[in-house]
Amino acid sequence: MPDIRGRGIVFRQRKNSILTAPIKEYQASEHLSVPISPGAEVHFAIGSKVTQNELLAVDEETGINIYSPCTGILDSIVPAEHPLLGNCDLLRLTVAGKTELRESVQLKLGEGMLSYQDIAGIIDTLDGKPLAHKLKEFSANGIAVLAADAIEDQSFVCSENGVLYHYYALVEEGLKIAAELCGIKKTQVFVYYRRDHSETELKFDSSITVVCGKYPARVPFLSINKKKIGFISAQACYDLVKLVRTGEQQLSTIITVAGHHITKPCNVRVPVGTPIGEVIDFCEPDNSPALVVIGGPMTGKYTEDLTTPVYPGMGAVLLLEPIAIREMSNCWGCGECVRCCPQGLMPLYIARFSRHGKLSDCRDFGALHCIECGCCSYVCTGGINPMSFIQSVKSQLHSYQTTHRAKDQPKRRHPLSSDSPEVTAHLKEGEER
Amino acid sequence: MKLIKTSPPFIKSGKSQSASMKRMIVCLGLALIYAVFFFGLRLLVNAIISIIICEFCELIVSGLVRLPNTAKDLSAIVTALIIVLLLPAAVPLWLILIADAFAVFIAKAVFGGLGHNPFNPSACAIAFITVCWPKYIFRYPTVPQMLPVFSADLSKVTYGSSVLAYLNAGGVAPYRLSDIFFGAVPTAAGTGCGLLLLACFIYLSVKRTIHWRITAAFLLTFTLLSAVLPRAGLWYISAFSEVFSGYLLFAAVFMLTDPSTSPKSDIGGIIYGVICAIAVILMRRYGIYEESLCFALIICNAIAPTLDRWVASIPERRL
């Protein structure tokens, strides 16, 4: 059982009751807005009728096929901003009844007949990337172990864990299918669980590798025994089995709705494109002021727009207790952030330098190594958010590098230019994570 | 539903600065109570006056620079208590006033307040007093002795030489080792009891209020060096009296580990402790004052940020 000693933080998980309760179903509401990237080619004219599980649009750039989550009428296509996807178009659908899946849609699959094209509709809920792309990359990069990832180390969030808990056999089967597809021999299932910080004890199947270190748990796990590991989400495995068995595409996704201000927290299966406001109402929020967060409480994204559509990769919608963030001048140098940083950085120095605009000093203190886990801000006794400073420094450093590279002459190597081996190594490392 | 805007992470540990300050105050309070048994209630009065002066100075500072009220952050109370405990028990009140004002105005406020001061405020204040009024600061009353509680007349107080004064003169202190360990010898008010200070060290380390590595590295290096290079008499007696006399243990627990003036990295902290121990050994041996720990501490404060920068420059920084 691998355990991660050393730095990081531990917090109350607050999710076992959510995890063990059955996954609820949320029926499609009156309107759905399916997000697609602006360049995607829509196969239907506005006003035409679409059927559930029918190909709606194809995104050439990312290779994602978008299927209709409901039977209804395509109302309009509106440009919007999505916290996960950035700029996107929303296909607004009016729901008109539910249809059973047609027989003809079902895939007829034999041995080794599955191709990347067949699974183009599945989006990995880990990072919102298409599963087919990820698998292709894995086989090209010589990944030795394909892992189903249910390492949810942040509190509240347990949608992947929930899938694993309720449909373990299906996840395992899906993982095998995916491994076969990309030619990887070894598979492994990871789950994050700390007995000491959970309300009830859980038992996992013996073939599951339990990660029980501190948050953030994923960092040291990119390679075990020098074998590269490729992570796909447990939900993607589940969706893959469903696709192979019934031909049903990824029309819905499982998200955790929880937080301090949700009275009935649960894992709920939601059709893609449902506004998060409806899902929150489904789980009965109390009416006190709250923070709406998409994703985990440490790394999630804040949103004000309750019409934001649900999309695979969200993981969770949380209604959290608002916190007060104080100014950088409140830093009294206690060093808690240094003691917990999993990368061994000194966040307080980077934050101080960034406040004074000293970019090169920030780089000297390793700002580019930051993985934006948020530990420093979580433990800060001064009530500051050092991570926000480091994030801005990182983006500044990256933009500085790109502009510098354009100007720089090929022979003279500036230490900051992207050509320098160190910086390239940093960038590569960042991408891998 | 009312929504509020912010950036990740969206949860906090709930640890606060005042909590660690409160733990420091509890430990300093214990040292104060221990000293009250030796010298009477005068020390308590001194401490209260010192706290009032420090808080008043903080109020003036926050009024002058229109900052949010820094008097609430309890750091001034810690500074005030450290100053009272480092001064002899029979010290005139005006000296406390000067020390407190120096600590808050010159050593802290000028640099931008808590967390931005490069030097430990109480060490600066004591160093300043040592330079300007050495005759008051090294005149320790004999123990036990009930001092007049409110009276300014200190003519009846008897004074004795401290362990370090004997060592400085090249002799061995004529005190029992157990008396040195429990602080029953002429010394600064709160720095006597080795047992209590070691207990405070363990408590604060377990509560993660102080960086134990700094104190441990400092004490180990100092003990080793003073045993290898004894000043007078047998090596173990010399080492024992050096470690358990003067400000040494007190400073190792409460001043060296001051989070804002010590290095934040683990390796930096260990090096800091070692350098500080060497500096104290040298200063005690070749300095003109019997106890020059505060000067050594200030010098080491100055190199603390450099140490952190050096640690950051180590290529594999997973320390």
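Our subject is the structure that appears above.
Only a predicted model underlies this, so the values are computations on that prediction, with no experimental measurement involved.

Undergrad: What is the right way to read the nonpolar core from this model?
TA: Residues and elements named next belong to chain B. In terms of nonpolar packing, the biggest core is built from 96 residues, with F218, Y247, F250, F254 and M255 touching the most fellow members. Considering every element that reaches this core, the biggest residue donor is helix α1 (residues 17–39), with 10 residues. In this view, F218 contacts L248, A252, L256, G273, C276, A277 and V280; residues no more than four positions away in its chain are not counted.

Undergrad: Any chance you could explain the state of the cysteines here in plain terms?
TA: Defined simply, a disulfide is a covalent bond joining two cysteines at their sulfur atoms. Throughout the structure, instances matching the rule amount to zero disulfides over all chains. A:C375 supplies the cysteine sulfur nearest to A:C340, a cysteine that is in no disulfide, at a spacing of 5.0 Å. In this model B:C200 remains outside any disulfide bridge; the closest cysteine sulfur is found in B:C27, 3.8 Å from its own.

Undergrad: I keep staring at the sheet that holds strand β1 (residues 24–25) of chain A and nothing clicks. Help me out?
TA: Two pairing modes exist for strands in a sheet, parallel and antiparallel, and in both the strands are linked by backbone hydrogen bonds. Residues and elements named next belong to chain A. What the six strands build is an open sheet, ordered β1-β15-β14-β18-β16-β17; its pairing is mixed. Both outer strands of the open sheet, β1 and β17 (301–302), are each paired with one neighbouring strand and no more. Where strand β14 (residues 252–258) meets strand β18 (residues 316–320), three bridges bridge the pair, whose relative direction is parallel. Pairing of T256 across the sheet is with A316, part of β18. The sheet strands contacting helix α3 (residues 159–166) are β14 and β15 (266–271), and the helix crosses β14 at an angle near 115 degrees.

Undergrad: Can you walk me through the interface of chain A and chain B in this structure?
TA: One widely used convention gives an interface's size as the accessible area the parts lose upon coming together. With 62 residues of chain A at the interface, the matching set in chain B holds 38 residues. The interface formed by chain A and chain B contains three salt bridges. Salt-bridge contacts for B:R309 lead to A:D361; the nearest nitrogen and oxygen are separated by 3.1 Å. Looking at the side of chain A that touches chain B, the elements that each hand over two or more residues are β16 (291–294), β17, β18, α7 (336–340), α8 (347–355), α9 (359–364), α10 (375–379) and α11 (386–407) of chain A. Counting residues per element, the side of chain A that touches chain B draws most heavily on α8(A), at four residues.

Definitions and limits used
- Residues numbered from 1 in each chain as written.
- Chains lettered and ligands numbered in written order.
- Predicted model: local features only at pLDDT ≥ 70, side-chain atom pairs only at ≥ 80, totals over all residues.
- Heavy atoms only, no water.
- Core = buried A, V, L, I, M, F, W, Y, C linked by side-chain atoms within 4.5 Å.
- Buried < 20%, exposed > 50% of the residue type's maximum accessible area, 1.4 Å probe, protein only.
- Helix = DSSP H or I, 4+ residues; strand = E, 2+ residues; numbered from the N terminus.
- Contact = heavy atoms within 4.5 Å.
- Disulfide = S-S within 2.5 Å.
- Pairing = 2+ DSSP bridges.
- Axes fitted to C-alpha atoms, helices over the stretch in contact; angles between N-to-C directions.
- Salt bridge = Lys/Arg side-chain N within 4 Å of Asp/Glu carboxyl O.

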